[in-house]
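Okay, here's what each chain looks like letter by letter:
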Amino acid sequence: MTDFFEFEADFVDSLRCIPMQVRCKLDTCGIKLKLSDWNQMTTQERQALVELPCTTDTEIQLYRQYIQELILQRTGIPVGKLPVERHPAWLDSDSIPTTVQEKAQEIGVVITQQKWASLRPLQRFALIKLSRPGHENKNFNKAIAEFHLLS
């Protein structure tokens with residue numbers, strides 16, 4: 001399943017940036033992929049990373065192996081690794097991460113627990129990523145509007 005957000009519309013046709021659904025899969029399998037690595041891939045390889053499943057233990061292992069081999073083939077350098085969270089925040093519909101709450105408050109939005117719980121895991125993932133300190137947060141406001149979280 002391919003699930004692009006409206007706030008990604010300016011780059012999804014070309015896949016010049018890493019879409020949220022791929023970022024989520026990367027976090028799920030513990031891969032740190034740089035944009036420069038992404039840009040070494042063909043459009044077909046990028047599309048494969050969009051389409052390949054990464055949910056079950058077997059799928060996660062195959063996804064990790066595929067991208068590790070792909071990046072090594074393209075760059076000659078092993079791909080970076082990330083720790084895999086046992087209980088990722090985006091799968092927790094009961095608890096709104098502080099970074100998301102604070103970023104929402106900066107723009108005058110209150111995200112209730114009920115609204116947070118109504119979001120799909122990929123939507124929660126996007127808000128978490130877009131609210132991180134040091135991240136270019138230009139799409140946070142767009143995501144808030146797209147996810148119908150405006151008061």
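Overview of the structure. (Residues numbered from 1 in each chain as written. Predicted model: local features only at pLDDT ≥ 70, side-chain atom pairs only at ≥ 80, totals over all residues. Heavy atoms only, no water.)

1. A word on the nonpolar core
Buried together is how nonpolar side chains tend to be arranged in soluble globular proteins.
And then number 1: Counting 23 residues, the largest nonpolar core has Phe-7, Ile-111, Trp-116, Leu-127 and Phe-147 as the members making the most contacts within it.
And then number 2: Secondary-structure elements contributing two or more residues to this core are α2 (20–29), α6 (98–106), α8 (121–130) and α9 (140–146).
And then number 3: At six residues, α8 tops the list of elements feeding residues into this core.
And then number 4: Setting aside its immediate chain neighbours within four residues, Leu-127 contacts Val-100, Trp-116, Leu-119, Phe-140, Ala-143, Ile-144, Phe-147 and Leu-149. (Core = buried A, V, L, I, M, F, W, Y, C linked by side-chain atoms within 4.5 Å. Buried < 20%, exposed > 50% of the residue type's maximum accessible area, 1.4 Å probe, protein only. Helix = DSSP H or I, 4+ residues; strand = E, 2+ residues; numbered from the N terminus. Contact = heavy atoms within 4.5 Å.)

2. Topic: the packing of α2 against helix α4 (residues 43–51)
And then number 1: Between α2 and α4, the shortest axis-to-axis distance is 8 Å and the interhelical angle comes to 70°. Our classification of the angle between α2 and α4 gives roughly perpendicular. As for the relative orientation of α2 and α4, their crossing is left-handed in sense. Residues Gln-21, Val-22 and Lys-25 of α2 pack against Leu-49, Val-50 and Glu-51 of α4.
And then number 2: Its residues placed into classes, the contact of α2 with α4 shows three nonpolar, one polar and two charged. (Axes fitted to C-alpha atoms, helices over the stretch in contact; angles between N-to-C directions. Parallel < 35°, antiparallel > 145°, perpendicular 65-115°, else oblique. Left-handed = near helix turned anticlockwise from the far one by under 90°. Nonpolar A, V, L, I, M, F, W, Y, C, P; charged D, E, K, R; others polar.)

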